[in-house]
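# A structural walkthrough
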Amino acid sequence: MNTNKSKPEVTYKEKQLIFSMLNKISLFGGLTAGELECLIPMLTTASFKKGEAVFTQGESPNNIFIIQSGEIKIVKQQDDIEIELIRFKEGNLFGETELIGIFKYIASAIALTDVKLLVFSKSALYSLHSKNMKLFSKIILNVARESCRRTAKTDEYWLDEMVKLRKFHKK
């Protein structure tokens, strides 16, 4: 992944934009302004051109991604068939569940447009464990909550599909 590790000092305006974006993202819900301020220097940036992979199915997860601009699709390759699972746009995050799990990516993230991302690395996240256990715990709890929300949405989708199939077969 081509992250820009040596980023220049963030301007006040950029910091405010990042702060505003983080404040709206569930992963950072319940964090104080001071805690968000602590996280901003831990973020790096990455840019991808339309069609480039942010990560590939089967790779080991290393980052949580926050979309500053552009759109990403998550696709699963199965038996030479590509299945689009979901799309993410500006203000969405992805990669958080895999980061704390023990599994490799089950799908790939592909840029649908040119994309600019904020990147919160696994090492940055886990460095909080020793530096600020309270902040680390809040983020891990929020990852668990987001994972539960997504699981519930997926369950609801598949239950609706099963109901449609049963109704179709009864006719």
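In short, a report on the structure. Each residue is numbered by its place in its chain's sequence as written, counting from 1. Totals for whole chains, interfaces and linings use all residues, but because this is a predicted model, local features are given only for residues with pLDDT of at least 70 and pairs of side-chain atoms are given and counted only at 80 or more. Only hydrogens and water are set aside when side-chain values are computed; all heavy atoms of the structure are taken into account.

### Some points on the side chain of K73
The following threshold applies: A run of DSSP states H or I qualifies as a helix once it reaches four residues; a run of E qualifies as a strand once it reaches two. Both are numbered from the N-terminal end. Should any heavy atoms of two residues lie within 4.5 Å, those residues are counted as being in contact.
Within the secondary structure, K73 sits in strand β5 (residues 71-78). Those residues in contact with K73 that sit more than four places away from it in its chain are E82, E84, I86, R87, S108, A109, I110 and L112.

### Notes on the pattern of salt bridges
Applied cut-off: Salt bridge, as used here: a side-chain nitrogen of Lys or Arg that lies within 4 Å of a carboxyl oxygen of Asp or Glu. Throughout this description, buried means an accessible area under 20% of the type-specific maximum (1.4 Å probe, protein chains only), exposed means over 50%, and partly exposed covers the range between.
Tallying each qualifying case throughout the model produces nine salt bridges. The closest approach of N and O atoms between R87 and E84, which form a salt bridge, is 2.6 Å. When its relative accessible area of 37% is taken as the criterion, E84 is described as partly exposed. A single salt-bridge network, built from bridges that share partners, covers E96, E146, R149 and R150.

### So, the sheet that holds strand β6 (residues 81-89)
Each strand in a sheet pairs with its neighbour through backbone hydrogen bonds, running either in the same direction (parallel) or in the opposite one (antiparallel). Selection rule: Should DSSP find at least two bridges between two strands, the strands are taken to pair. To obtain an axis, a line is fitted to C-alpha atoms, over the contacting stretch when the element is a helix, and the angle between two such axes runs from 0 to 180 degrees between their N-to-C directions.
Read from one edge to the other, the open sheet built from four strands follows the order β3-β8-β5-β6, with strand pairing classed as antiparallel. Each edge of the open sheet is held by one strand with a lone partner, namely β3 (53-55) and β6. The average angle at which neighbouring strand axes cross in this sheet is 30 degrees, direction not considered. Two strands pair when backbone bridges link them, and β5 and strand β8 (residues 108-111) are joined in this way by four bridges, in the antiparallel orientation. Considered in β8, the bridge of K73 is made with I110.

### Points about unusual backbone geometry
Located in the positive-phi region is D79, a residue other than glycine, with phi close to 50 degrees. Topologically, D79 is positioned in the loop between β5 and β6. Non-glycine residue D80 carries a positive phi angle of around 65 degrees. Tracing the sequence through the fold places D80 in the loop between β5 and β6. Judged by its relative accessible area of 77%, D80 is exposed.

### So, the packing of aromatic side chains
We apply this condition: The criterion for an aromatic pair is that two Phe, Tyr or Trp rings (for Trp, the six-membered ring) have centres within 6.5 Å, with stacked assigned to planes under 30 degrees apart, edge-to-face to planes over 60 apart and tilted to the rest.
Inspection of every chain in the model, using the stated rule, returns eight aromatic pairs. Consider the rings of F55 and Y105, whose centres lie 3.6 Å apart with planes at 5 degrees: the pair is stacked. Here F55, found in strand β3, pairs with Y105, found in the loop between α3 (96-100) and β8; they are 50 residues apart in sequence, far enough to count as distant. With centroids separated by 5.1 Å and ring planes inclined at 20 degrees, the aromatic side chains of F65 and F94 adopt a geometry described as stacked. With F65 in strand β4 (residues 63-69) and F94 in strand β7 (residues 93-94), the pair connects residues that are 29 residues apart, well separated along the chain. With a relative accessible area of 1%, F94 lands in the buried category.

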